[in-house]
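Chains, contacts and geometry: an overview
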Amino acid sequence: MASIVESGWLHLVTHFSDFQLACLGSFFLHESVFFLSGLPFIFLERAGWLSKYKIQPKNNTPAAQEKCITRLVLYHLCVNLPVMIFSYPVFKFMGMRSSLPLPSWNTVLTQIIFYFILEDFVFYWGHRVLHTKWLYKHVHSVHHEYATPFGLTSEYAHPAEILFLGFATIVGPAITGPHLITLWLWMVVRVLETVEAHCGYHFPWSLSNFLPIYGGADFHDYHHRLLYTKSGNYASTFVYMDRIFGTDKGYRKLKALKAGHIEDSSKEM
């Protein structure tokens, strides 16, 4: 397996420059993973399939979904791609490389775990700042146009927010200078995580059912359907930041009420 990966990587670095791989390659990889993982949730919602797992009964209109897609393409081309291009010198300066040998899986895993922890911490505080009155009204309210989120709404946001909260995603790699393959893997798992958190469905196989510290769709969906002053659940990936700082009290109370209702119903049966 390792030799196959190295052979494929050798082909890439032989035919493309560092700049092409780090900027254009990263952009195309991001777009592919993002839309391939996010679009199915639009089709699920429109077809009404797996509706018993849908967190909110309300559906978005086709016009609202199409508006989201159109804006995303515009933002990705006009914000995300330039950021990747202009941040390239910083990553190179910090030690990012694309040459062989590839890093060990232990190194890759350790770095990605570090990125998740750091991103969640930075995102939590940045997200709380965006829920202050002025910033919510003028910036963050764009993301909250969709009170019933679906996968692609994860990156639907004001350009200023894309830059502001995007910092949380890139700060880890920027300070560690990883191999490009580590950066790509981090980008893939981060995109999949945020799409899942906004997908609007809570399945029996959802990761939050097996990993208690992981928030997932049910955790973040609560954030979207409440008023900005009462929403809580600000963290991007894990639940412990909100638990530590008491910003998940409403969510935990609702979960407890639901659990009690289910328990009472089972006793009646």
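Nothing here was measured: the structure is a model prediction, and the numbers come from that model.

Moving on to the overall build of the protein. Across its full length, the protein holds ten helices and zero strands. Going residue by residue from the N terminus, the α and β elements of the protein occur as α-α-α-α-α-α-α-α-α-α. On C-alpha atoms alone, the protein measures out to a radius of gyration of 20 Å, which is about the 18 Å that the 2.2 N^0.38 rule sets for 269 residues. Overall, the protein is about 65 × 40 × 40 Å in size when its C-alpha atoms are taken along their principal axes. Across the 269 residues of the protein, 46% fall into the buried class. Entry remark: accessible area of the protein is about 14100 Å², with carbon and sulfur atoms responsible for 70%. When the 21 positive and 19 negative side-chain charges of the protein are each reduced to one mean point, those points stand 7 Å apart.

Residues Trp49, Leu50, Trp205, Leu207, Phe210, Leu211 and Ile213 make up a contiguous nonpolar surface patch of roughly 780 Å² in combined accessible area. Within the secondary structure, tryptophan 205 is located in the loop between helix H7 (180–197) and helix H8 (216–225). For tryptophan 205, a relative accessible area of 55% translates into the label exposed.

With that out of the way, let us pick up the nonpolar core. Counting 43 residues, the largest nonpolar core has Leu152 and Leu180 as the members making the most contacts within it. Listing elements by their share of this core, those giving two or more residues are helix H2 (18–47), helix H3 (62–93), helix H4 (105–130) and H7. In terms of residue count, the dominant contributor to this core is H2 (ten residues). If we ignore the near neighbours within four places in the chain, the residues touching leucine 180 are Trp9, Leu21, Ala22, Ser26, Met96, Arg97 and Ser98.

Before going further, it helps to spend a moment on the UniProt feature "transmembrane region" (unreviewed entry) in the protein. Within the UniProt annotation, "transmembrane region" (unreviewed entry) is assigned to residues 19–44, 72–91, 103–125 and 162–187. For the annotated span residues 19–44, helix accounts for 100% and strand for 0% of the residues, and the straight-line distance between the end C-alpha atoms is 38 Å. Spanning residues 72–91, this segment combines 100% helix with 0% strand, and its end C-alpha atoms are found 25 Å apart.

Time to look at H8. Of all the ten residues making up H8, nine are buried; the element is thus mostly covered by neighbouring parts of the structure. Along H8, the residues that are buried comprise Gly216, Ala217, Asp218, Phe219, His220, Asp221, Tyr222, His223 and His224.

Let us now look at the pattern of salt bridges. Should their charged atoms come close, side chains of opposite charge can pair. Using the criterion set out here, one finds nine salt bridges in the structure. The closest approach of N and O atoms between aspartate 18 and lysine 92, which form a salt bridge, is 3.0 Å. Of this pair, aspartate 18 sits in helix H2 while lysine 92 sits in helix H3, placing them 74 residues apart in sequence. With a closest N to O distance of 2.8 Å, glutamate 119 and arginine 190 form a salt bridge. Here the residue glutamate 119 occupies a position in helix H4, and arginine 190 occupies one in helix H7, the gap between them amounting to 71 residues. Judged on exposure class, the residue glutamate 119 and its partner arginine 190 are both buried. One salt-bridge network, in which partners are shared between bridges, spans Glu119, Arg190 and Glu193.

A few words now on the packing of H2 against H3. For any two helices packed against each other, the geometry is given by the interaxial angle and the distance between the axes. Here H2 crosses H3 at 160 degrees, and the two axes come no closer than 10 Å. Here H3 runs roughly antiparallel to H2, going by the angle between their axes. Regarding H2 and H3, the two cross each other, and that crossing is right-handed. A per-class count over the contact of H2 with H3 returns 18 nonpolar, five polar and six charged.

Applying the stated criterion to the full structure yields 22 aromatic pairs. The structure contains a cluster of three or more aromatic residues connected by ring pairs, namely Phe114, Tyr115, Phe116, Trp186, Phe238 and Tyr240. One Lys or Arg, arginine 190, reaches over the ring of phenylalanine 123 and ends 6.0 Å from the middle of that ring.

Conventions and cut-offs
Residues numbered from 1 in each chain as written. Predicted model: local features only at pLDDT ≥ 70, side-chain atom pairs only at ≥ 80, totals over all residues. Heavy atoms only, no water. Helix = DSSP H or I, 4+ residues; strand = E, 2+ residues; numbered from the N terminus. Rg over C-alpha atoms; globule rule 2.2 N^0.38 Å. Buried < 20%, exposed > 50% of the residue type's maximum accessible area, 1.4 Å probe, protein only. Areas by Shrake-Rupley, 256 points an atom, 1.4 Å probe, with all protein chains shown as cover. Lys, Arg positive; Asp, Glu negative; His and termini not counted. Charge placed at Lys NZ, Arg CZ, Asp CG, Glu CD. Patch = residues over 30% accessible without salt bridge, like charges linked within 9 Å, V, L, I, M, F, W, Y side chains within 5 Å. Salt bridge = Lys/Arg side-chain N within 4 Å of Asp/Glu carboxyl O. Core = buried A, V, L, I, M, F, W, Y, C linked by side-chain atoms within 4.5 Å. Contact = heavy atoms within 4.5 Å. UniProt positions renumbered as here; feature names shortened; annotations may be inferred. Axes fitted to C-alpha atoms, helices over the stretch in contact; angles between N-to-C directions. Parallel < 35°, antiparallel > 145°, perpendicular 65-115°, else oblique. Left-handed = near helix turned anticlockwise from the far one by under 90°. Nonpolar A, V, L, I, M, F, W, Y, C, P; charged D, E, K, R; others polar. Phe/Tyr/Trp six-rings, centres within 6.5 Å; stacked < 30°, edge-to-face > 60°. Lys NZ or Arg CZ within 6 Å of the ring centre and 35° of its normal.

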